[in-house]
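Commentary on secondary and tertiary structure
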Amino acid sequence: MRVFLARYGIHISKTTVHKYMNKTLNLAAIIMRKKPGYTAGKKHKIFNNLLCQNFTVDHKNKVWCTDFTYMRQPNGRFRYNCTIIDLFDRSAIALVNSDYINTDLAKETLKIALKQEKYPKNLILHSDQGITQSMSKAGCPYDNAPMERFFNTFKSCFYYRFTFESVEMLDKMTKEYINWYNYVRPHSYNNYLTPMEARFT
């Protein structure tokens with residue numbers, strides 16, 4: 001927090017910030033929901049785990065992580081999200097929402113990411129069982145921890161805080177959140193630079 005405020009010429013302690021947030025502005029922290037326990041999933045085609053929990057990457061478009069999450073629609077059905085993040089700066093490279101969690105959703109998200117980043121060479125794409133090149137053991141979230149963390153923040157800071165009147169509204173606000181996440185929200189991993197600031201500095 002001190003590092004983040006110093007960017008704007010503000011030099012006050014974390015305790016002072018906490019006091020103003022709680023007492024003056026009546027703000028409170030968003031509490032992350034506890035995730036349920038993991039169980040071993042069905043094994044698909046297996047690729048070697050090239051990542052091995054090494055989440056520090058020295059340049060962009062070297063290692064991407066991807067996974068799925070679900071969001072309940074106003075009609076009670078689920079809407080599924082596939083997102084790809086770059087481990088270099090934790091930026092969300094691409095995301096797609098769909099009514100179906102399948103290979104087409106993963107492929108569409110990957111196509112968008114590859115096109116946007118101009119088809120980088122020697123790229124590792126790591127998933128928690130499901131896509132290509134590098135893969136964790138089924139039911140083991142630790143090898144894909146940055147992706148799990150991303151979705152935890154995604155749901156706590158966005159999905160759980162709003163009511164969506166339609167699928168169109170959900171999809172529109174999802175894209176708006178990702179834009180805010182990439183360009184406005186400071187990230188502790190980037191020494192409190194936003195993902196896009198870290199990506200292009």
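What you are looking at is a predicted structure, and each value in this text was computed from that prediction instead of being measured.

Calculation rules
- Residues numbered from 1 in each chain as written.
- Predicted model: local features only at pLDDT ≥ 70, side-chain atom pairs only at ≥ 80, totals over all residues.
- Heavy atoms only, no water.
- Core = buried A, V, L, I, M, F, W, Y, C linked by side-chain atoms within 4.5 Å.
- Buried < 20%, exposed > 50% of the residue type's maximum accessible area, 1.4 Å probe, protein only.
- Helix = DSSP H or I, 4+ residues; strand = E, 2+ residues; numbered from the N terminus.
- Contact = heavy atoms within 4.5 Å.
- Phe/Tyr/Trp six-rings, centres within 6.5 Å; stacked < 30°, edge-to-face > 60°.
- Lys NZ or Arg CZ within 6 Å of the ring centre and 35° of its normal.

**Brief notes about the nonpolar core**
Counting 21 residues, the largest nonpolar core has F150, F154, F158 and Y177 as the members making the most contacts within it. Secondary structure elements with two or more residues in this core: β1 (63–72), β3 (91–98), α4 (145–157) and α5 (167–183). Ignoring any residue separated from it by four or fewer positions in sequence, one finds F158 in contact with T153, F164, L170, M173, T174 and Y177.

**What about the packing of aromatic side chains?**
Centre-to-centre distance and the angle between the planes together describe a pair of aromatic rings. All told, the structure shown has 15 aromatic pairs when counted by the stated rule. Ring plane angle 85 degrees and centroid distance 5.1 Å describe the contact between F150 and Y181, whose orientation is recorded as edge-to-face. Of the two residues, F150 sits in helix α4 while Y181 sits in helix α5, which places them 31 residues apart along the sequence. The interplanar angle of 75 degrees and the centroid separation of 6.2 Å between the aromatic rings of F151 and F154 together place this pair among those described as edge-to-face. Pair noted here: F151 and F154 are both in helix α4, with a separation of three residues, about one helical turn. The class of F151 is buried, set by a relative accessible area of 6%. Ring pairs connect the aromatic residues F150, F151, F154, F158, Y159, Y160, F162, F164, Y177, W180 and Y181, which therefore count as one cluster. Seen from the ring of Y189, R90 lies directly overhead, with NZ or CZ sitting 3.7 Å from the centre. Here the basic side chain of K155 rests over the ring of Y70, its NZ or CZ set 4.0 Å away from the ring centre.

Remember, this is a structural readout, not a statement about activity or role.
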